[in-house]
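Geometric and topological summary
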Amino acid sequence: MLRPGTPVRRSSSFVIRRALLDLRGASLILSALATVLVPSSASAQTSKSSGPVQLPAPPPPAAVDIAPAAPAPSTPAPTAPDALVTSDTSAPSVPGAPPSAGVRGNEPARVVTETPSAHEGRFEFGSYGRVYAASDLRGGTGRGTNVVAFGPRIVDEGNYAELELRREDKWNERVKGRVVATLALFPPFFHFSGKPEQAIGVRNLYAQGTYDNVTMWAGSRMYRGDDVYLLNWWPLDNQNTVGGGVGAPIYKSTAAPGSSPQYETILQLHAGQQRLDNPYQFQKVPVVAPFGFGTVDVTKLDRPRTIETLKLTQFIRPSGGPGGFKAILYGELHQLSAGTYSDPLTKVDRGLPEDSGWMLGSQLTYFTGKRDTYASLVMRHARGIASYDPLAVPITFALDRTTSGASETQIAISGNYEQEEFSILWAAYVRFFRDGSPAATSTAKYDEGAAVVRPSVFLGEYFGISLEGSYQQRRLATLQPGTNDQLNASVTKVGVIPYFSPAGRGSYKRPQIRLLYVASFRDSATRALYPVEDVFNQRSTEHFLGIGAEWWFNSSSYP
Amino acid sequence: MRTMQSTIVMAMLAACACALPEIGCVSVPDDGKQPALGTHVDDWRDEVVYQVLTDRFANGDVNNDYKVRPGYLARFQGGDWQGLIDHLDYIKELGVTTLWISPVVKNVETDADVDSYHGYWAQDLTQTNPHFGDLAQLRRLTAAAHDKQLKVVLDIVTNHMGQVFYYDMNLNGHPDINIGGSGPLQGAGSKSDITRITEYDPDWDPRGVQAFTSLGNAGRAPIIFIQDPSINRIPMAGILGTARGYHGFGRILNYDDEKQRMLGDFPGGLKDVATEIPEVRAEMIDKYTRWAELTDLDGFRIDTVKHVEYEFWTEFATKVRARLAAQGKNKFLMFGEAFDGNDKLLGSYTQPGMLDSVFYFTQHFQVFRDVFQSAHDENAQKGTDQIQKLWADRAVNYNTQPQAGGTGIAPSKSLVNFMDNHDVSRFLFEALGDKDALRNALTLLMTEEGIPCVYYGTEQDFAGGNDPSNREVLWNTGFPTTGDTFRHISKLARLRVKYAGLRRGDTNVVYSTAHVKAEEDAGIVAYERAGGDAGDSYALVVINSNARHMSTTADGAKAMKLTKPGVTLVDVLDPEAKTYAVPASGELRVIVLAQRAMILVPQDQLKP
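Described below are features of the structure shown in this document. (Residues numbered from 1 in each chain as written. Chains lettered and ligands numbered in written order. Predicted model: local features only at pLDDT ≥ 70, side-chain atom pairs only at ≥ 80, totals over all residues. Heavy atoms only, no water.)

1. Remarks on the overall build of chain B
The helix and strand inventory of chain B stands at 16 helices and 30 strands. Here chain B, with 608 residues, has 60% of them falling under the buried criterion. A fraction of 71% describes how many contacts in chain B between residues 6 or more apart in sequence connect residues 24 or more apart. Just so you have it, chain B exposes about 21900 Å², and 53% of that area is on carbon and sulfur atoms. (Helix = DSSP H or I, 4+ residues; strand = E, 2+ residues; numbered from the N terminus. Buried < 20%, exposed > 50% of the residue type's maximum accessible area, 1.4 Å probe, protein only. Contact = heavy atoms within 4.5 Å. Areas by Shrake-Rupley, 256 points an atom, 1.4 Å probe, with all protein chains shown as cover.)

Quick look at the structure:
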């Protein structure tokens, strides 16, 4: 999970990588020494031509939120001297050596030059995942009980995993690169369903390059800001597009040499698009083949949603230490062109008007830089098509079949505090959603909110127990069936989570192997949201007793 | 740099401020909540009913356009209650005062590729039809209508439900449509009859629908409820979700056979409810009264009353009135539809304890069809004496006393008059587009005794043929209010408001004729509207239904004789407001142009 001010975690692969770099550096130094110890004209000439190397200024530390670049090695790579060739029996085979001039016998030895490669490259593997097995204590499987869009993740989050394979390259101090491929696995998994089919989504498939301070990327990417862990939610920015972006620190000042930047301003731009496989955005229809028999498919509707984002992040570390503030101003523009689709029922062409929307949001975070302690406030307001999750199509519209009139307003707070054997995570939000439909009553007009708190006690270095309590409510602009009351559905949850944390203490230490029990108390309005044929229409209390694990490591999406 | 930071902070604050106006609790509007019940009608004869098929009037919310197929009139088109709310001003401008809306309950969605856009295929009597909106929106409609002094009458069906089950005639556990036989067998001297049997809608069988095998009959066919949630074809809760709640005799073949009429399924596989069972009766009374309670309705238009036993109507009407009156709602109008040309039959549903009124179907046939629609054909057109005779039977065939606890008006004086409706072809279709005939008929409709009812689209000269062609989409017109027919109806409605005699006066036919051809008085009908509950208000209506020549209110020595001698009458329908002096004899000879009319009021009662 990405949290502001989080100290860099070093994985085991990172440690090994460092060791390899150190070994390579040592061998290069030995080569240089050998060159110095063998006086020759060639060697002297080469040394002269090489001269003292002017290294480019090291790049600034990677901003927390900027498109990550390949990490810099801990020490600058020394300039390698030419390779020493002393053979008197064969032509040099070193690249860069001059062609053979028939060197034979006791002709004087000479040195040929080999252009040293500063390139460093490696593959990385990272992952995020969570897998549970749970019972409802009635003979069925444990089931989610949330009624709000961003309810507590406990019980409701479901099984999910990401496997990330990443290539990291550094060509020199100024140029770095990264290629990321992340596969997401969606439940059910084979051991549960017995079916070998697995739903897999490509969550990342992009390449990124950094030149000096400027990072560019292009491809398919989940491009996110900070999350609220307890709600499994990215409250400010969470783009999932195919596109590209650029980002760079545009200002930085340091109070004292060697200390963290006191002020740092980062600008990020992104543009991407989505064209969901839905007749709202995309449709192919068969037509008579121009040659021969049968039909061929032609694209009837093609109107991707194009999204542009701008993010301005300001870090302020008053003392130049690890703690400080992070302020973000964020905006989105969304466009959807007009189109025509063929009504599958009537085969009659129907128009879809162009649509648009915008979102403006902000975030203010305080972080101590110690043990993941932070507190954050996020606010955002969206209009039109930007009010809707880009990975879903709107299902209600204004009379002109646009989303004009739709709006979404969110305020979210979250935080974590840790001290010795104790920690507490908390989060809460309110959200006001209005669709564009002209009807005064609609299930797509609602207010909702949730509050959740998870205190934990660490039992020794590797074990702990968490309690979680939450309340959530959604108020819909419609009547509760069978009553004269507005439909106000609420759920209260309490749970206990004893766990084993091999990575040690901390709210964000993973992996975590857990037992968990959660009871959800559901009011009559919540039950009324379900069809009468569903047991959730009848039951006011739900149980979830399960065992599961959650992990993350070395993932570019969850650094 | 401080400037940049200040800018960022200010922008963040602006972003926050941007969100603030949106922060507010969502709520169901007050007019979407339980209304206080009240009586919104003084005298139902003052009302002009406007019948709308909700699906066809106006599309106010595209979000309930589920499986809409524009242009295909047997399918959903997208109209809804929000559309009605949005166009109440149009309705108001037309001059009508009461909305009769099509059924609101949840239906079986579709059957045999025809949709339940009309609302008559009930599946759940407790839920609103989501194609039209939710309960709050229905309440908002009635509230908005009441705010504009409009009333709302709901169409209900107690005789049948939608096609929620089939008869498993061959006992194989699924519904079949079988076609058997091959017709005459050439050279074999015999024939194999072609028969078509549908387990959805089998023919009437006096024993009840029978099961059969190749060996012969096998007793009553089991009633099997269909479980198809995709089209909402599922049994409802309660007794109407059980076989016991239905008669199970199959489709009516002979409407003159009373047993078939009472026990048979309505054509289209609409299953006949066993309304004689007390439990069923109580269910119908409770479920439908609930709609009036939930939404402050002003009346029921009741479908297919002639297919339900009389005892039901006595109990239904009495209990509905009592239950609503106890909550402050009085004068709740209940009028029934008996699609029949038998005036006595129609009147039988208005007998003491039963309904307040019925749809005046006999007038539809004998007056609007025979006299006005046929004006283009002198060989088909009937004389206006037929009108006089029919009207004279009102006091004979219909209850002349108000129902106890009812509207306060005798059924004989408050029949619901109509030219056409959703079950018959439109007036203009049968009149071959003769708009003069239409407007002439409208003059009679709006000035005769009773409660006029205008079918939506009449004002826009809709001319569709039989169902579903007569159920056109109104919003395609753009809701113009400048057409001749629209303005004619609007003017007649204003005259009704001005002159109480046109609404509440008794009827005295002062001239009618059997002549329809070249005769001097061909096509003339004239009637006074005065007395009764109209005070001293007086009006004389003279109509020439003849399409070929002007006619006069006299035939030789015989002349129209009024009960108001010595007054000067003003034709308030005439833009020039011509006056006519009635001699002391009371005899008045006026000439009326072909397919034109006069509405004459005393000069001293003239209102601006």
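2. Notes on the overall build of chain A
Each helix and strand counted, chain A has 5 helices and 22 strands in total. Accessible area for chain A stands at about 25800 Å²; split by element, carbon and sulfur atoms hold 63% of it.

3. Things to note about unusual backbone geometry
Of note, the amide linkage connecting A:Pro187 to A:Pro188 takes the cis form, showing an omega dihedral of 5 degrees. Examined against the element boundaries, A:Pro188 turns out to sit in the loop between strand 3 (175-186) and helix 4 (190-193). A cis amide bond, omega 10 degrees, links A:Arg510 with the succeeding residue A:Pro511. Take A:Pro511: it is sitting in the loop between strand 20 (486-500) and strand 21 (512-522). The phi dihedral of B:Lys331 is positive, around 55 degrees, even though this residue is not glycine. Here B:Lys331 shows up in the loop between helix 8 (310-325) and strand 17 (333-336).

4. Concerning the interface of chain A and chain B
Much of the literature gives interface size as the accessible area that the parts lose upon coming together. Each partner contributes residues to the interface: chain A has 50 residues there, and chain B has 39 residues. Contact with chain B buries area across many residues of chain A, yet A:Leu345, A:Thr441 and A:Leu479 alone supply 15% of it, more than any other trio. Here chain A is connected to chain B by 1 salt bridge. Between B:Asp65 and A:Arg401 there is a salt bridge, and its shortest N-O distance comes to 3.3 Å. Applying the counting criterion to the chain A and chain B interface returns 8 residue pairs in polar contact (both at pLDDT 80 or more). (Buried area = accessible area lost by both parts, 1.4 Å probe. Salt bridge = Lys/Arg side-chain N within 4 Å of Asp/Glu carboxyl O. Polar contact = N/O pair within 3.5 Å; in protein donor to acceptor, adjacent residues only side chain to side chain.)

5. Looking at the sheet that holds strand 21 (residues 506-511) of chain B
All names here are of chain B. Strand order across the open sheet formed by 6 strands is 21-22-23-30-27-28, with antiparallel pairing between neighbours. Two strands close off the open sheet at either side, each with one partner strand: strand 21 and strand 28 (579-581). Ignoring which end each strand starts from, the neighbouring axes of this sheet average 25 degrees apart. Note that strand 21 and strand 22 (residues 524-530) share 5 bridges and pair antiparallel. Residue pairing for strand 22: Val509 is matched across the bridge by Tyr527. (Pairing = 2+ DSSP bridges. Axes fitted to C-alpha atoms, helices over the stretch in contact; angles between N-to-C directions.)

6. With respect to the nonpolar core
Counting residues in each nonpolar core, the largest one holds 147 residues, and the members touching the most others are B:Tyr50, B:Ile101, B:Phe300 and B:Phe316. The residues contacting B:Phe316, other than those within four sequence positions of it, are B:Ile156, B:Thr158, B:Met284, B:Ile285, B:Tyr288, B:Phe300, B:Ile302 and B:Met334. Counting 39 residues, the second-largest nonpolar core is a separate cluster that includes A:Tyr160, A:Phe315, A:Tyr330 and A:Leu425. (Core = buried A, V, L, I, M, F, W, Y, C linked by side-chain atoms within 4.5 Å.)

7. Focus on the sheet that holds strand 2 (residues 98-101) of chain B
Residues and elements named next belong to chain B. Overall, parallel pairing links the 8 strands, which are arranged 18-17-16-7-2-1-20-19 in an open sheet. Every interior strand has two partners, whereas the edge strands, strand 18 (357-358) and strand 19 (416-418), have only one. Judged from the 4 bridges that link them, strand 1 (residues 49-52) and strand 2 form a sheet pairing that is parallel. The partner of Val49 across the bridge, within strand 2, is Thr98. Along the sheet face, helix 14 (residues 435-447) touches strand 19 and strand 20 (451-455) and points at about 140 degrees away from the line of strand 20.

8. Notes on the packing of aromatic side chains
All names here are of chain B. Under the counting rule described, the total for this entry stands at 49 aromatic pairs over all chains. Summarising the aromatic geometry, the rings of Phe165 and Phe225 are spaced 5.4 Å apart at their centres and angled 65 degrees between planes, so their arrangement reads as edge-to-face. Taken together, the residues span a long stretch of sequence, with Phe165 in strand 8 (residues 165-167) and Phe225 in strand 15 (residues 223-225) at a distance of 60 residues. Considered together, Phe165 and Phe225 belong to a single accessibility category, that of buried residues. Consider the rings of Phe339 and Phe361, whose centres lie 4.4 Å apart with planes at 25 degrees: the pair is stacked. Here Phe339, found in the loop between strand 17 and helix 9 (343-348), pairs with Phe361, found in helix 10 (residues 361-372); they are 22 residues apart in sequence, far enough to count as distant. Through successive ring pairs, a cluster of aromatic residues spans Trp100, Phe335, Phe339, Phe359, Phe361, Phe365 and Phe418. (Phe/Tyr/Trp six-rings, centres within 6.5 Å; stacked < 30°, edge-to-face > 60°.)

9. A short note on the pairing of strand 3 of chain A
All names here are of chain A. In the sheet, strand 2 (residues 160-170) pairs with strand 3 via 10 bridges, with the strands oriented antiparallel. Within the sheet, the bridge partner assigned to Lys170 lies in strand 3 and is Lys176. In sequence, strand 2 turns back onto strand 3 through a hairpin of 4 residues. For strand 3 and strand 4 (residues 199-211), the ladder comprises 12 bridges, and the chain directions are antiparallel. When the bridges of strand 4 are listed, Val180 appears paired with Tyr206.

10. A look at the packing of helix 10 of chain B against helix 14 of chain B
All names here are of chain B. For the pair helix 10 and helix 14, interaxial distance at closest approach is 10 Å and the crossing angle is 150 degrees. In terms of orientation, helix 10 and helix 14 fall into the roughly antiparallel class. For helix 10 against helix 14, the interelement crossing comes out right-handed. Two secondary-structure elements touch here, helix 10 through Val367, Phe368 and Phe372 and helix 14 through Ala437, Asn440, Ala441, Leu444 and Leu445. Looking at the contact of helix 10 with helix 14, its residues break down into 7 nonpolar, 1 polar and no charged. (Parallel < 35°, antiparallel > 145°, perpendicular 65-115°, else oblique. Left-handed = near helix turned anticlockwise from the far one by under 90°. Nonpolar A, V, L, I, M, F, W, Y, C, P; charged D, E, K, R; others polar.)

11. Considering the environment of B:Leu270
All names here are of chain B. If you trace the backbone, Leu270 turns up in the loop between helix 6 (258-263) and helix 7 (278-295). For Leu270 and Asp201, which are 69 residues apart along the polypeptide, the C-alpha to C-alpha distance reads 7.9 Å. Those residues within four positions of Leu270 in sequence are excluded, and the remaining contacts are Tyr120, Trp121, His160, Met161, Gly162, Gln163 and Asp265.

12. Some points on the pattern of salt bridges
Residue and element names in this part refer to chain B. Applying the stated criterion across every chain yields a total of 78 salt bridges over all chains. Its salt-bridge partner being Arg323, residue Glu293 comes within 2.7 Å of it at the nearest N-O pair. A residue pair is termed long-range when its members are at least 10 positions apart, and Glu293 in helix 7 and Arg323 in helix 8 qualify at 30 residues. Classification of Glu293 as buried rests on a relative accessible area of 13%.

13. Looking at the packing of helix 5 (residues 135-147) of chain B against helix 7 of chain B
Residue and element names in this part refer to chain B. Contact geometry for helix 5 and helix 7: axes closest at 9 Å, N-to-C directions at 65 degrees. When the axes of helix 5 and helix 7 are compared, the pair comes out roughly perpendicular. Contact with helix 5, carried on its side by Leu135, Leu138, Arg139 and Thr142, involves Trp291, Leu294 and Thr295 of helix 7 and no other residues of that element.

Scope: geometric values only; no functional claims are made or implied.
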